[in-house]
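Architecture and fold: a report
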Amino acid sequence: MSTTDSVPVSLAEIARIAGVGRAAVSNWRRRHDSFPTRIGGTDVSPQFSLAEVEQWLRDNGKLDSIGGRELLWPRFEALGSRDESGLAIAEAARRMHSPRTRGSHPELTAEAEELAAEAAKLGRSEGARETFEFLLQRWLETHVRQLSTTPPPLAALMARIALDVRVGGSGEEAGEKLTVLDPACGTGHLAAAAVQEGAGSGLSVLACERDPALAALASARLAFLTADHDVRTEIVTADALREDPFAGARVDIALCNPPFNERDWGYAELATDQRWTHGLPPRTEPELAWVQHLFAHLKPGGAAVVVLPPAVASRKAGRRIRGSLLRTGALRAVVALPPGSAQPHSVSLQLWILRAAPDGTAAVPPGQDVLLVDATRFARTGTRESGPHWESLRAFSLSALEAFDRPDADLPDGAVRVPLIELLDDEVDVTPGRYASVTAEPSGLELAAAWREAGTALTDLARRAERLSELRFSADLPQTTTSVGDLVKAGALSLRSGQQTPDGTTAPGRDSVPLLTVADLLTDGTPSGLVAAGSAPVIVEEGDVVVAGVVRAYRAWVHEGPPTALGPQLYALRVDSAKLNAHFLAGCLRAPSNGRQAGTHASSSSRVDIRRLQVLHLPLREQEAYAEVFRGLRDFEARLGTAEGLGRRLVSDVSDLLAAGGLGV
């Protein structure tokens, strides 16, 4: 246990290890003198020794039903380096597959090697794949701002599109052996999706990744898939554009989510590269270099699907290459995805679908049509759930592509065949929204999916309403309250005021954090900007209470997402967990009467004096009971908004269909 003596864990991590809420851990700390003492952090955010915490939990019977994975992760995180922790997880996976493996990775320290060995031992007892996926997911969540991954639903959709579009069918024919390429594979989401979507037995996966840690994790992920599928993999650590390790190889399917907006992609040294059959990509168009790289590797009839930012479809610098891709029939379709489909989540990314001409066919005639699909309407708005309506998006996109290959079939609304003559103008703009108009009438598949989603939301809402209806209220309501200002003076909480950031918004990067403003709260509550972490005076972390100090946007909640910078008129309250429960505090502050009493009411933009807000004066034990109910109300409110949004859309869609005479009788 000595190896964990120096590993610090927070109250939130202890709660995760024990499988309880953070409030329960605060209770243990307050009630039990034997609870480990703080070894670091602050009074508000204390840190404890993992070894001492583990021993205390075991001695007090708090680990009976909890596996060892939660205890293992803080030690990986304590390695500090993103690369070393990633390589250690990959090494653990390698040892899970081969228990007798000897030798060490040259970039791993002795501590990381020992940790990998312990993780492998745990994996063999608790499930190798489950242990690896748990550690990988925690690693991705910890370093989410430094990595760009392909969400599994999007990866699955891309793999299915490629399998369906390639000449020869879905790849499931008996005895057919396909080859898949991903030249910027990251942690292997796309290659794994190709295997899981049924690419056939005997599949070969060729992948490349320039980041050694990501390449090692991709190898580990795909190694688990070979246990259930007849798959051969080759993953190389290299820059695919500068030093293509698979030069000359031809594949049936190519999938890629390449890095965006990289100016140093090798423009000068690759000027005469033979892959640029559609023209030398301009220095400012690295994405078109990736497109041609994929296309150069396709067998006759092979298909490629690539994720691209929307500007690639219309930027002036790339129009010559876009024109060539269209004239030769290489670019078959463009699908505009809803915002939130992948990073960066605020942008409506696109899928470009390419196909190489089959053997024995002549050049595509000038009259060839291109499919443009606007799927942006499948964004999930007004809910806390991330990503679009994946089920509806997948059904819509695949049905559009299927209908496109049948000249007599009608395309679903939002998809359109565009003749080349309309696209090959001075701009060569292939942005779907420019050509595909969307009416309010959904397809039958979309309506069925929407009704199922609405039914699930209403069932959940009814369950929550039933639980809340059982609350009993005392006729003798407690009246003793104290103000936020007095709580600050007593040291029960700290109060910080958000400010205008000096450098405004910035581009996504390793040191950037989301920026939340009052204007965001008046729309959907999603942070609309990014700022450099060093330039943000106030950054809230998980467990902090955030209060909007404007009457028209007044609200209070416990922050549960990643670190976020606060703009003007937003306030961060950090509680001393030995004196205050954060959810209890947020619930008291959120009461509408509280905001009205502390507001100036001079205009619609009146400010709320945060220090005047009142909080019930209750012992910590009673606060926890109130906190649970406050959280239940908060969840009920969120589900109510979800159900309302779904219901309104369904009423609108069905009304339009009825008014158009669409009722089947």
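Everything discussed here concerns the structure shown above.
Residues numbered from 1 in each chain as written. Predicted model: local features only at pLDDT ≥ 70, side-chain atom pairs only at ≥ 80, totals over all residues. Heavy atoms only, no water.

1. A few points about the overall build of the protein
The helix and strand tally for the protein stands at 20 helices and 22 strands. Considering the protein as a whole, with its 665 residues, one finds that 49% of them fall into the buried category. (Helix = DSSP H or I, 4+ residues; strand = E, 2+ residues; numbered from the N terminus. Buried < 20%, exposed > 50% of the residue type's maximum accessible area, 1.4 Å probe, protein only.)

2. Observations regarding the sheet that holds strand S11 (residues 369-374)
Taking strand neighbours across the sheet as the criterion, the nine strands line up as S6-S5-S4-S7-S8-S10-S9-S11-S12 in an open arrangement whose pairing is mixed. Strands with a single pairing partner mark the edges of an open sheet, and in this sheet they are strand S6 (231-237) and strand S12 (415-419). Here the average twist between neighbouring strands, direction ignored, is 15°. Pairing of strand S8 (residues 298-308) with strand S10 (residues 350-355), which is carried by six bridges, proceeds in the antiparallel orientation. Note on S10: the bridge partner recorded for Val305 is Ile353. Contacting strand S9 (331-336), S10 and S11, helix H12 (residues 319-327) runs over the sheet at an angle of about 50° to S10. (Pairing = 2+ DSSP bridges. Axes fitted to C-alpha atoms, helices over the stretch in contact; angles between N-to-C directions. Contact = heavy atoms within 4.5 Å.)

3. Looking at the nonpolar core
By size, the foremost hydrophobic cluster in this structure holds 52 residues, and its most contacted members are Leu154, Met158, Ile161, Leu255, Val305, Leu351 and Ile353. Among the elements that make up this core, the one with the highest residue count is helix H8 (residues 152-165) (nine residues). In this structure, Val305 is in contact with Met158, Ile161, Ala162, Ala254, Leu255, Cys256, Leu351, Trp352 and Ile353, ignoring residues within four places of it in sequence. Ranked by size, the runner-up nonpolar core spans 42 residues in total, among them Phe246, Val291, Leu308 and Leu420. (Core = buried A, V, L, I, M, F, W, Y, C linked by side-chain atoms within 4.5 Å.)

4. So, the packing of H8 against helix H13 (residues 390-404)
Between H8 and H13, the shortest axis-to-axis distance is 11 Å and the interhelical angle comes to 15°. Put simply, H8 runs roughly parallel to H13. The interaxial crossing formed by H8 with H13 has right-handed handedness. Residue-level inspection shows Pro153, Leu154, Ala156, Leu157, Arg160, Ile161, Asp164 and Val165 of H8 in contact with H13, the latter providing Trp390, Leu393, Arg394, Ser397, Leu398 and Leu401. Classifying every residue of the contact of H8 with H13 gives ten nonpolar, one polar and three charged. (Parallel < 35°, antiparallel > 145°, perpendicular 65-115°, else oblique. Left-handed = near helix turned anticlockwise from the far one by under 90°. Nonpolar A, V, L, I, M, F, W, Y, C, P; charged D, E, K, R; others polar.)

5. A word on the environment of Phe48
Along the polypeptide, Phe48 turns up in strand S3 (residues 46-49). It is 5.3 Å that separates the C-alpha atoms of Phe48 and Pro8, two residues lying 40 residues apart in sequence. If we skip the residues at most four places from it in the chain, Phe48 touches Val7, Pro8, Val9, Leu11, Ile14, Arg29, Phe35, Pro36, Thr37, Arg38, Ile39 and Val53.

6. Quick notes on the pattern of salt bridges
Under the counting rule described, the total for this entry stands at 36 salt bridges. Here Arg82 and Asp83 are joined by a salt bridge, their closest N and O atoms 2.7 Å apart. Classification of Asp83 by relative accessible area gives partly exposed; the value is 34%. The shortest N-O distance in the salt bridge between Asp405 and Arg332 comes to 3.1 Å. A residue pair is termed long-range when its members are at least 10 positions apart, and Asp405 in the loop between H13 and S12 and Arg332 in strand S9 qualify at 73 residues. Classification of Asp405 as partly exposed rests on a relative accessible area of 42%. (Salt bridge = Lys/Arg side-chain N within 4 Å of Asp/Glu carboxyl O.)

7. Brief notes about helix H10 (residues 212-225)
Relative to the 20 Å expected for 14 residues at 1.5 Å per residue, H10 spans 20 Å between its end C-alpha atoms, a close match to the ideal helical length. Of all the positions in H10, only Ala213, Leu214, Ala215, Leu217, Ala218, Ala220, Arg221, Leu222, Phe224 and Leu225 are classed as buried. Of the surrounding elements, those touching the buried residues of H10 are helix H5 (82-97), helix H7 (128-142), helix H9 (189-196), strand S5 (203-209) and S6. Looking at where H10 begins, the residue whose side-chain oxygen comes 2.9 Å from the main-chain nitrogen of Ala213 is Asp211. (Expected span 1.5 Å × (residues − 1). Polar contact = N/O pair within 3.5 Å; in protein donor to acceptor, adjacent residues only side chain to side chain.)

8. Comments concerning the packing of H8 against H9
The N-to-C vectors of H8 and H9 enclose an angle of 55°; their axes lie 8 Å apart at closest approach. In terms of axis orientation, H8 runs oblique to H9. The interaxial crossing formed by H8 with H9 has right-handed handedness. Mapping the contact onto sequence places Pro152, Ala155, Ala156, Met158 and Ala159 in H8 and His189, Leu190, Ala193 and Ala194 in H9.

9. Focus: the side chain of Asn581
Tracing the backbone through its elements, the reader meets Asn581 in the loop between strand S21 (570-575) and helix H18 (582-590). According to the relative accessible area criterion, Asn581 is buried, its value standing at 7%. Here His583 takes part through its backbone nitrogen, which lies 2.9 Å from a polar atom of the side chain of Asn581. Apart from the residues lying within four places of it in its own chain, the contact partners of Asn581 are Ala23, Leu620, Gln623, Glu624 and Ala627.

10. Structural notes on the packing of aromatic side chains
A complete count under the given rule lists nine aromatic pairs for this structure. For the pair Phe35 and Phe48, a centre-to-centre distance of 5.6 Å together with 85° between the ring planes defines the contact as edge-to-face. One end of the pair, Phe35, is in the loop between helix H2 (22-31) and strand S2 (40-41); the other, Phe48, is in strand S3, with 13 residues separating them in the sequence. Owing to a relative accessible area of 6%, Phe35 belongs among the buried residues under this scheme. Here Trp73 and Phe76 contribute two aromatic rings whose centre-to-centre distance is 6.5 Å and whose plane-to-plane angle is 15°, an arrangement assigned as stacked. Taken as a pair, Trp73 and Phe76 lie in helix H4 (residues 69-77) at a separation of three residues, close to a single helical turn. A residue is classified by how much of its surface remains accessible, and Trp73, at 4% relative accessible area, is buried. Taken together through their ring pairs, the aromatic side chains of Trp28, Phe35, Phe48 and Trp56 make up a single cluster. Of note, Arg377 hangs over the ring of Phe396, and the distance from its end group to the ring centre comes to 4.7 Å. (Phe/Tyr/Trp six-rings, centres within 6.5 Å; stacked < 30°, edge-to-face > 60°. Lys NZ or Arg CZ within 6 Å of the ring centre and 35° of its normal.)

11. Observations regarding helix H11 (residues 286-296)
Most of H11 is tucked away, with ten of its eleven residues classed as buried. Those residues of H11 that sit buried are Pro286, Glu287, Leu288, Ala289, Trp290, Val291, Gln292, His293, Leu294 and Phe295. Those residues of H11 that are buried lie in contact with strand S7 (251-256), S8, H12 and S10.

12. Observations concerning the sheet that holds S21
Here four strands make up an open sheet; going across it, the order is S14-S21-S18-S19 and the pairing antiparallel. Edge positions in the sheet fall to strand S14 (493-497) and strand S19 (555-558), since each of these pairs with one other strand and no more. Averaged over all adjacent pairs, the angle separating strand axes in this sheet is 20°, with direction ignored. In this structure, strand S18 (residues 545-548) lies alongside S21, joined through four bridges in antiparallel fashion. In the sheet register, Val545 faces S21, and the bridge partner there is Leu573. Across the sheet, H18 lies against S14, S18, S19 and S21, angled at about 170° from S19, the strand it touches most.

13. Observations regarding unusual backbone geometry
Each neighbour pair has its own omega, and for Gln343 with Pro344 the value is -5°, a cis peptide bond. The residue Pro344 is located in the loop between S9 and S10 in this model. With a phi close to 50°, Val428 is a non-glycine residue in the positive phi region. Take Val428: it is sitting in the loop between helix H14 (420-423) and helix H15 (444-469). Its identity is not glycine, yet Gln569 carries a phi of approximately 70°, on the positive side. Following the sequence through the fold, Gln569 ends up in the loop between strand S20 (564-566) and S21. Take Gln569: its relative accessible area is 23%, and that puts it in the partly exposed class.

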